[in-house]
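Residue-level structure breakdown
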Amino acid sequence: MSQGFELTVLGTGSASPTLRRNPSAQVLNVRNHLYLIDCAEGTQIALRKNKIKFQQIEHVFISHLHGDHYLGLQGLLSTFSLLGRSKELHIYSPRGLKEIIDMHFSISQSQSNFPIHFHEIDKMNDSLLLENDHLKVFALTLKHRIPTFGFLFKEKKKARHINGPLVKELKIPYYAFEQLKKGEDYINKENDEVYSFEKLTFPEDPSYSYAYCSDTAYLPGLSEQIKEVDILYHETTFMQKDEALAKKTFHSTCIEAALIAKKANAKMLLMGHYSSRYLNEESMLEECKSVFENSHLTQDGDIIKLS
Ligand SMILES: [Zn+2]
């Protein structure tokens, strides 16, 4: 498994599963921690197909409670139980998911044999959802027919690299390495000599960020919240000729997604959540590229790796 920052796209369709596409689900792997983002029907199979060790998923983020974003979750929880999972699971979603899951457990007279912690997202606390030693996850309020949230994953600053030969030559004690890696100088208390971290270490590797924005109507203000993001996934359900339909259903067109990427100065735009009415995706890509050059179609099973 990757030590870096790696996104696996498990589903790229909208509405219903087809032979070609599952609906929305993705896995973000940050330094070997797995974050599942949306969990439509077919997600379990897609996890297996992509050889993802899904029992290691500790956090699930559900954008909204339309079926094409969460209907695979009950099945996944059931499989976790059948496989004897004991590790706790955190689920972040708009209000209502806990009731749905609880109702299933109640009526089927079953229960999960591992702790599930539900975290309800609402507009009042739509900022920081999760913070651990390597990452922060923020909620982004989107504009859809029901309460919907995007997610911004921001990797924390990494540790600097120790200059091995130099610390050996200068006999820097091992216990000082951690502070040097954090960017703090080491002071030898016996003679008050200061050793600068800049001299004893090499710069850290870059930290990355990922924004998941689906489903949403065109929301120009969104770009402010995801400035300079490394990877932006923004739904491109419709082409420009169907702009009226996009407006009516609170979805975005390719051009609108590309405008968000451009305004945010994102490094890369990933497209997805395609309406099944379009058979030629290349023309969708062309629309995006006419506004934002570094646009990419995604297909089920694609892996995007930053390192
Ligand atoms: Zn959807």
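Please read all numbers here as calculations on a predicted model, not as lab measurements. (Residues numbered from 1 in each chain as written. Predicted model: local features only at pLDDT ≥ 70, side-chain atom pairs only at ≥ 80, totals over all residues.)

1. Some thoughts on the pairing of strand S3 (residues 33-39)
- The buried fraction of S3 is high, at six of seven residues.
- Once strand S2 (residues 25-30) ends, the chain turns through two residues before running back antiparallel as S3, passing Arg31 with a positive phi of about 50°.
- In terms of handedness, the path from S3 via helix H1 (residues 43-49) over to strand S4 (residues 57-61) forms a crossover that is right-handed. (Buried ≥ 20, exposed ≤ 12 C-beta atoms within 10 Å, placed from the backbone. Helix = DSSP H or I, 4+ residues; strand = E, 2+ residues; numbered from the N terminus. Pairing = 2+ DSSP bridges. Right-handed = clockwise from strand over helix to strand, strands pointing away.)

2. Side note on the domain arrangement of the protein
- Considered domain by domain, the protein is made up of domain 1 (5-158 + 205-306) and domain 2 (161-202).
- The centre of domain 1, based on its C-alpha atoms, is set 42 Å off from the matching centre of domain 2. (Domains from an automatic or database assignment.)

3. Remarks on the environment of Asn265
- Summarising the element assignment, Asn265 is placed in the loop between helix H10 (254-264) and strand S16 (268-270).
- With 11 C-beta atoms packed within 10 Å, Asn265 lands in the exposed category.
- For the pair formed by Asn265 and Glu286, sequence separation is 21 residues and the distance between their alpha carbons is 19 Å.
- Beyond its immediate stretch of four places on either side in the chain, Asn265 contacts Lys227 and Glu228. (Contact = placed C-beta atoms within 7 Å.)

4. With respect to the environment of Ala159
- Take Ala159: it is sitting in the loop between strand S9 (149-155) and strand S10 (161-162).
- Once the C-alpha coordinates of Ala159 and Ala217 are considered, the two residues, 58 residues apart in sequence, prove to be 39 Å apart.
- In this view, Ala159 contacts Lys181, Lys182 and Glu204; residues no more than four positions away in its chain are not counted.

5. Section: the sheet that holds strand S1 (residues 5-11)
- The seven strands are arranged S6-S5-S4-S3-S2-S1-S18 in an open sheet whose pairing can be described as mixed. Edge positions in the open sheet fall to strand S6 (116-121) and strand S18 (303-306), since each of these has one partner strand only. When the angles between neighbouring strand axes are averaged without regard to direction, this sheet yields 15°. (Axes fitted to C-alpha atoms, helices over the stretch in contact; angles between N-to-C directions.)

6. Looking at the nonpolar core
- Ranked by internal contacts, the top residues of the largest apolar core, which has 68 residues, are Phe151, Leu232 and Leu269.
- Ranked by the residues each element gives to this core, the list is headed by H10, at six residues.
- Those residues in contact with Phe151 that lie beyond four places of it in its chain are Ile37, Phe61, Val137, Ala139, Leu140 and Tyr212.
- If you look at the next biggest cluster of nonpolar residues, it comprises five residues, including Ile162, Leu180, Tyr186 and Leu200. (Core = buried A, V, L, I, M, F, W, Y, C linked by C-beta atoms within 7 Å.)

7. Observations concerning unusual backbone geometry
- The linkage connecting Ser214 with the following residue, Asp215, adopts the cis geometry, with an omega of 0°.
- Tracing the backbone shows Asp215 in the loop between strand S14 (209-213) and helix H8 (222-225).
- Positive phi is not limited to glycine here, since Ala15 has a value of about 65°.
- Tracing the backbone through its elements, the reader meets Ala15 in the loop between S1 and S2.
- Taking the C-beta count within 10 Å as the criterion, Ala15 has 16 such neighbours and is therefore assigned partly exposed.

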